[in-house]
Amino acid sequence: MTEHTLTVAGVTVDTRHWIGGERIASAETFTDVSPIDGSALGEISRGTATEAAAAVAAAKAAFPGWAATARAERARILHAIADGVDKRIEDLAIVETHDNAALLRSHRRGVMPRVAHNFRFFADWLLKLEHEEFETRGHTNRVSWDPAGPCVLITPWNAPLMLATWKIAPALAAGNTVILKPAEWTPLTASLLADIAAEAGLPAGVLNVVQGYGAEAGNALVSHPDVRRISFTGSVPTAKAIGAASAANLVPTSFELGGKSPLLVFADADLDLAVDLAVEQYDNAGQVCLAATRILVEESVADEFTKRFAQKAATLQQGDPRDEATDLGPNIHPRQLEKIDGFVQRALAAGARAVIGGAPHTDLGGLYYRPTLLTDVAQDSEVVQEEVFGPVLTLQTFATEQEAVALANDTRFGLAATLATGDHERAARVTAQLVAGTVWVNCFFVRDLQAPFGGSRQSGVGREGGTWSFDFYCDLKNTVTAPKGWQNHG
Ligand code: NAD
């Protein structure tokens, strides 16, 4: 360990920013703490407007060269980054787990391979993007995706590297340069990615990483006049602040925000499957934007569903996220634990009943919250309407399909919805009426990078994925060419 590095389980991480191909330290630092045991992982350079301006300047300077780089060469370098990620999966997994306390086994086997896939997918998609052509009175229209310029990407802590690279990969593939600001609670894997990208031959200034607080480094980046795109994943209040800052410069923004998604369980469903889908919502200790946290069950099967749910949930192993056997780790931060418990205690005081859980896991100590299922909750209550972002689900019943749809749609969010039903016609009917960016029928979390991803209402603005990502990160241009010998008579 040197003045500018820290070590996590034997992996060395540089604690400085990555700007213009160089490590830059700030005068001030902030402490990165592991949610597993509250230990300090190290001191991280704390970016301000100065580092933000330097990173935007570096991205601006590197832009013409990268934008002019042939598509095949950009794709080759993105593949090299993916190979570099693959080589360091174990390092990335262990560091991410110490930083955000999500399960080591899912980082190893799901998340980090997906990080590599993000780069490969968008590199390959770039090569498949066809410039569309069509004719107008003999003239040819040619639509092209032109790189837009420096992109600011702001990401949260619940899936740090996965969410960052889902934005970085298409932005770079499109020929843009990038400034990433990772969440202050989880800055470490972004720093490792900077090393990997440099080793893969990504030119200096094409990817920059500025660490620091949202109100400081983040705000300076999203307010900078030389930025051409802002893509943000995080909470609704932050999106509103970023929207106001970006509006001043008329910068296109993409917002992937929170949710309060429903799981609709109809009496004709395979009940064991429905229970599995419901219990899966405790993944990542409930810190998943897409989680179906409102379980809506048809009255006639509600008792049986609840009984089987409680049995299944009782088999979940709560504990250290580094253990293979653990299903549920701690939450991210004392502030988050307090927030989660606040929601639950206010709901209980208002008459809710905890079928399971309802309190922090005091035997384990630290930041563990017991997986909780609340019934007897009113539709307009806080716990039904607001995102808790912890292992807390509510259960309500419905009598008719119409009522199920009405309850499902009755929040200010619209990120996702999940249905359990044995009737395909019902699935089609209900799906057509749901307000959601993604609907899963008899499954959950099946995601393809070529699908549009995003939320309706306050769950987001815009869609990313496949060509939608390129539409966002590029300036679309239509070039109209007259046929040979054409005389323009006005
Ligand atoms: P957050 O909004 O508090 O912070 C997200 C990021 O924004 C952090 O990097 C933070 O530093 C930065 N930030 C804060 N204020 C800023 C400002 N004024 N200007 C610029 N940047 C600023 O969110 P969080 O608590 O880190 O993440 C949890 C939220 O993210 C939940 O609401 C969750 O649902 C949502 N989320 C959504 C998706 C999705 O794809 N829709 C995925 C994961 C998480």
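Residues numbered from 1 in each chain as written. Predicted model: local features only at pLDDT ≥ 70, side-chain atom pairs only at ≥ 80, totals over all residues. Heavy atoms only, no water.

## Focus: helix α6 (residues 188-199)
Between its first and last C-alpha atoms α6 spans 17 Å; for 12 residues at 1.5 Å apiece the expected length is 16 Å, and the two agree. Across the 12 residues that make up α6, a large majority, 9, are buried. If you check which residues of α6 are buried, you get L188, T189, A190, S191, L192, L193, A194, I196 and A197. Positive backbone phi, at 95°, marks G201, one or two positions downstream of α6. (Helix = DSSP H or I, 4+ residues; strand = E, 2+ residues; numbered from the N terminus. Expected span 1.5 Å × (residues − 1). Buried < 20%, exposed > 50% of the residue type's maximum accessible area, 1.4 Å probe, protein only.)

## Digging into the sheet that holds strand β19 (residues 416-420)
Two strands in a sheet stick together by hydrogen bonds in their backbones, pointing the same way (parallel) or opposite ways (antiparallel). Taken in spatial order, the 7 strands make up an open sheet running β16-β17-β18-β15-β14-β19-β20, and their pairing is mixed. Every other strand in the sheet has two partners, leaving β16 (353-356) and β20 (438-441) as the edge strands with one partner each. Ignoring which end each strand starts from, the neighbouring axes of this sheet average 25° apart. Two elements, strand β17 (residues 372-375) and strand β18 (residues 392-398), share 3 bridges in a ladder whose sense is parallel. Residue L374 lies in a different strand from β18, and its bridge partner there is T394. (Pairing = 2+ DSSP bridges. Axes fitted to C-alpha atoms, helices over the stretch in contact; angles between N-to-C directions.)

## Looking at the site of the ligand
By nearness alone, 27 residues border the ligand, and E184, S235, T238, L257 and E387 come closest of all. Between an oxygen atom of the ligand and a side-chain N or O atom of E387, the distance comes to 2.6 Å. Its free accessible area being 860 Å², the ligand has 88% of it covered by the protein chains. Elements supplying a minimum of two residues to the shell around the ligand: α7 (214-222), β12 (229-233) and α8 (236-249). If you tally residues by element for the shell around the ligand, the top one is α7, at 3 residues. Classifying every residue of the shell around the ligand gives 13 nonpolar, 10 polar and 4 charged. (Near = heavy atom within 4 Å. Polar contact = N/O pair within 3.5 Å; in protein donor to acceptor, adjacent residues only side chain to side chain. Areas by Shrake-Rupley, 256 points an atom, 1.4 Å probe, with all protein chains shown as cover. Nonpolar A, V, L, I, M, F, W, Y, C, P; charged D, E, K, R; others polar.)

## Some remarks on the domain arrangement of the protein
Here the domain parsing of the protein yields domain 1 (5-257 + 455-478) and domain 2 (262-441). Taken residue by residue, the interface counts 25 residues in domain 1 and 30 residues in domain 2. Joining domain 1 to domain 2, the criterion identifies 3 salt bridges. With its nearest N and O atoms 3.7 Å apart, the salt bridge here joins E324 to R108. (Domains from an automatic or database assignment. Contact = heavy atoms within 4.5 Å. Salt bridge = Lys/Arg side-chain N within 4 Å of Asp/Glu carboxyl O.)

## Here we look at the pairing of strand β1 (residues 5-8)
Summarising the sheet, β1 and strand β2 (residues 11-14) pair through 4 bridges and their orientation is antiparallel. Bridging from a neighbouring strand, T7 pairs with T12 of β2. The loop that links β1 with its antiparallel partner β2 comprises 2 residues; one of these, A9, has a positive phi angle of about 45°.

## Some words on the side chain of H17
With respect to the secondary-structure elements, H17 resides in strand β3 (residues 17-19). Note on H17: relative accessible area 0%, which makes it buried. A polar contact of 2.7 Å, which involves the side chain of H17, links it to the side chain of S26. Reaching out from H17, the side chain makes a polar contact with the backbone nitrogen of Q211 at a distance of 3.1 Å. Once residues lying within four places of it in the same chain are set aside, the contact partners of H17 are E22, R23, I24, S26, S45, R46, G47, E51, V209, V210 and Q211.

## Brief notes about the packing of aromatic side chains
Applying the stated rule across the entire model yields 16 aromatic pairs. Between W157 and W185, the ring centres sit 5.9 Å apart and the planes meet at 45°, which makes this aromatic pair tilted. One end of the pair, W157, is in the loop between β9 (150-154) and α5 (160-173); the other, W185, is in the loop between β10 (177-181) and α6, with 28 residues separating them in the sequence. What makes W157 buried here is its relative accessible area of 12%. Pairing F232 with F255 gives two aromatic rings, centres 6.1 Å apart and planes at 90°, and the pair type is edge-to-face. Taken together, the positions of F232 in strand β12 and F255 in strand β13 (residues 253-256) put the pair 23 residues apart, joining distant regions of the chain. One exposure class covers both F232 and F255, and it is buried. Clustering of aromatic rings is evident, with ring pairs tying together F121, F122, W125, W166, F453 and F470. The residue whose ring lies beneath R229 is F472, and the NZ or CZ to ring-centre distance is 5.9 Å. (Phe/Tyr/Trp six-rings, centres within 6.5 Å; stacked < 30°, edge-to-face > 60°. Lys NZ or Arg CZ within 6 Å of the ring centre and 35° of its normal.)

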